[in-house]
Amino acid sequence: VPLKAALEAKLSRPVWIDNDADVAAMAEGIWGVAQGRKNFLVVTLGTGVGTGIIVDGKLLIGGNGIAGEGGHLVIIPNGRPCGCGGKGHLEAYASATGIEKTAIEVIGEKLSSKEVGLRFKSGDSKAHKVIDMTAQYLGQGLATMVSILAPEMVVLAGGVSAIGNPFDQMVEKYMNEYVFPSFKGHTKMAFSKISAENGAVLGAASLVFGN
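Reading guide: rules and limits
Residues numbered from 1 in each chain as written. Predicted model: local features only at pLDDT ≥ 70, side-chain atom pairs only at ≥ 80, totals over all residues. Heavy atoms only, no water. Helix = DSSP H or I, 4+ residues; strand = E, 2+ residues; numbered from the N terminus. Buried < 20%, exposed > 50% of the residue type's maximum accessible area, 1.4 Å probe, protein only. Contact = heavy atoms within 4.5 Å. Lys, Arg positive; Asp, Glu negative; His and termini not counted. Charge placed at Lys NZ, Arg CZ, Asp CG, Glu CD. Pairing = 2+ DSSP bridges. Axes fitted to C-alpha atoms, helices over the stretch in contact; angles between N-to-C directions. Patch = residues over 30% accessible without salt bridge, like charges linked within 9 Å, V, L, I, M, F, W, Y side chains within 5 Å. Areas by Shrake-Rupley, 256 points an atom, 1.4 Å probe, with all protein chains shown as cover. Salt bridge = Lys/Arg side-chain N within 4 Å of Asp/Glu carboxyl O. Phe/Tyr/Trp six-rings, centres within 6.5 Å; stacked < 30°, edge-to-face > 60°. Lys NZ or Arg CZ within 6 Å of the ring centre and 35° of its normal.

**Details of the overall build of the chain**
Reasoning step 1: In terms of regular secondary structure, the chain is built from eight helices and five strands.
Reasoning step 2: Going from N to C terminus, the chain has its helices and strands arranged as α-α-β-β-β-α-α-α-α-β-α-β-α.
Reasoning step 3: Across its three principal axes, the chain shows a C-alpha extent of roughly 55 × 40 × 35 Å.
Reasoning step 4: With 211 residues in all, the chain has 45% of them scored as buried.
Reasoning step 5: When contacts within the chain are restricted to residue pairs at least 6 apart in sequence, those whose partners lie at least 24 apart make up 60%.
Reasoning step 6: Distance from the positive charge centre (19 side chains) to the negative charge centre (19 side chains) of the chain: 1 Å.

**Points about the sheet that holds strand β2 (residues 49-55)**
Reasoning step 1: One open sheet holds the five strands; their spatial order is β3-β2-β1-β4-β5, and the pairing between them is mixed. The open sheet is flanked by β3 (58-59) and β5 (188-191), the only strands paired with a single partner.
Reasoning step 2: Sheet topology places strand β4 (residues 153-157) next to β5; four bridges connect them, and they run parallel. The partner of Met-153 across the bridge, within β5, is Lys-188.
Reasoning step 3: Along the sheet, helix α2 (residues 20-31) contacts β1 (40-45), β2, β3 and β4; its crossing angle with β2, the most-contacted strand, is approximately 50 degrees.
Reasoning step 4: The strands touched by helix α7 (residues 167-178) are β1, β4 and β5; relative to β5, the strand with the most contacts, the crossing angle is about 155 degrees.

**A few points about a nonpolar patch on the surface**
Reasoning step 1: Together, Val-1, Leu-3, Leu-7, Leu-11 and Ile-17 line one region of the surface with nonpolar side chains, adding up to about 510 Å² of accessible area.
Reasoning step 2: You can see Leu-11 is positioned in helix α1 (residues 3-11).

**Observations regarding the pattern of salt bridges**
Reasoning step 1: What the rule picks out here adds up to four salt bridges.
Reasoning step 2: Between Arg-37 and Glu-152 there is a salt bridge, and its shortest N-O distance comes to 3.9 Å. One end of the pair, Arg-37, is in the loop between α2 and β1; the other, Glu-152, is in the loop between α6 (125-149) and β4, and 115 residues separate them in sequence.
Reasoning step 3: With a relative accessible area of 29%, Arg-37 lands in the partly exposed category.
Reasoning step 4: Between Arg-80 and Glu-105 there is a salt bridge, with the nearest N and O atoms lying 3.2 Å from each other. Note that Arg-80 is positioned in the loop between β3 and α3 (91-94) and Glu-105 in helix α4 (residues 96-106), a separation of 25 residues in sequence.
Reasoning step 5: Its relative accessible area of 53% is what places Glu-105 among the exposed residues.

**Digging into the pairing of β2**
Reasoning step 1: The element β2 is largely enclosed, with a buried count of six among its seven residues.
Reasoning step 2: Pairing analysis gives six bridges linking β1 to β2, with the strands arranged antiparallel. Across the sheet, residue Val-42 finds its bridge partner in β2, namely Gly-52.
Reasoning step 3: The turn joining β1 and β2, which pair antiparallel and follow one another in sequence, is formed by three residues.
Reasoning step 4: Hairpin connection between β2 and β3: a loop of two residues separates the two successive antiparallel strands, and Asp-56 in this loop has a positive phi of roughly 50 degrees.

**Thoughts on the packing of aromatic side chains**
Describing an aromatic ring pair means giving the distance of the ring centres and the angle of the ring planes.
Reasoning step 1: This model, assessed by the stated rule, comprises two aromatic pairs.
Reasoning step 2: A centroid spacing of 5.8 Å and a plane angle of 55 degrees characterise the contact between Phe-180 and Phe-183, whose relative ring orientation is tilted.
Reasoning step 3: The ring of Tyr-174 is capped by Lys-173, whose NZ or CZ atom sits 4.3 Å from the centre of that ring.

**Some points on unusual backbone geometry**
Reasoning step 1: A cis amide bond links Asn-165 to the next residue, Pro-166, at an omega of 5 degrees.
Reasoning step 2: Along the chain, Pro-166 turns up in the loop between β4 and α7.
Reasoning step 3: In the Ramachandran plot, Ser-12 falls in the positive-phi region, its phi being about 55 degrees despite a non-glycine side chain.
Reasoning step 4: Within the secondary structure, Ser-12 sits in the loop between α1 and α2.
Reasoning step 5: Its relative accessible area of 56% is what places Ser-12 among the exposed residues.
Reasoning step 6: Even without being a glycine, Asn-78 presents a positive backbone phi close to 55 degrees.
Reasoning step 7: With respect to the helices and strands, Asn-78 occurs in the loop between β3 and α3.

Set out below in structure tokens:
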């Protein structure tokens with residue numbers, strides 16, 4: 001569907017359309033924790049795992065315009081089915097949906113990612129195992145991205161990132177365990193400070209600021 005052209009004709013205004021994780025990355029560079037950095041990743045952790053990649057100050061779009069689908073890196077060969085139809089993708093393990101599936105395996109209960117996060121914060125040992133496994137899956141996927149892109153920073157955004165500290169420290173620990181040794185310790189991990197309430201709006205605004 002040529003949505004951009006249809007909206008422009010209807011509104012008589014210029015319209016920009018892009019992937020939510022990509023514009024989240026642009027917003028982090030303008031207003032967020034990645035201000036002043038030219039090379040960074042934004043990883044949105046929600047019902048899926050989205051990634052926006054900034055290289056030399058510009059959004060990486062690739063030859064077909066949709067580069068940066070880091071959530072579909074294979075981390076477990078022939079692993080869990082992914083919503084895209086593939087198997088063993090990072091998204092099937094590190095998203096909110098992935099946490100729910102891990103909780104069923106470890107805790108034996110159907111819990112939302114938010115409920116797992118609350119139990120984790122309260123000191124529940126089984127919930128801690130679920131979050132630790134999630135951090136390891138995410139760290140493994142990020143290690144691959146870091147080894148290829150050498151970003152200065154990885155910004156965690158979206159609902160799952162609301163788990164907060166020490167989740168980011170756990171992810172960073174596993175990332176540095178898996179990453180190519182020359183990159184170890186050179187990529188800063190941070191939580192987005194704008195994604196919870198204003199990320200979508202600022203991401204959309206960044207399209208206009210960037211054009």
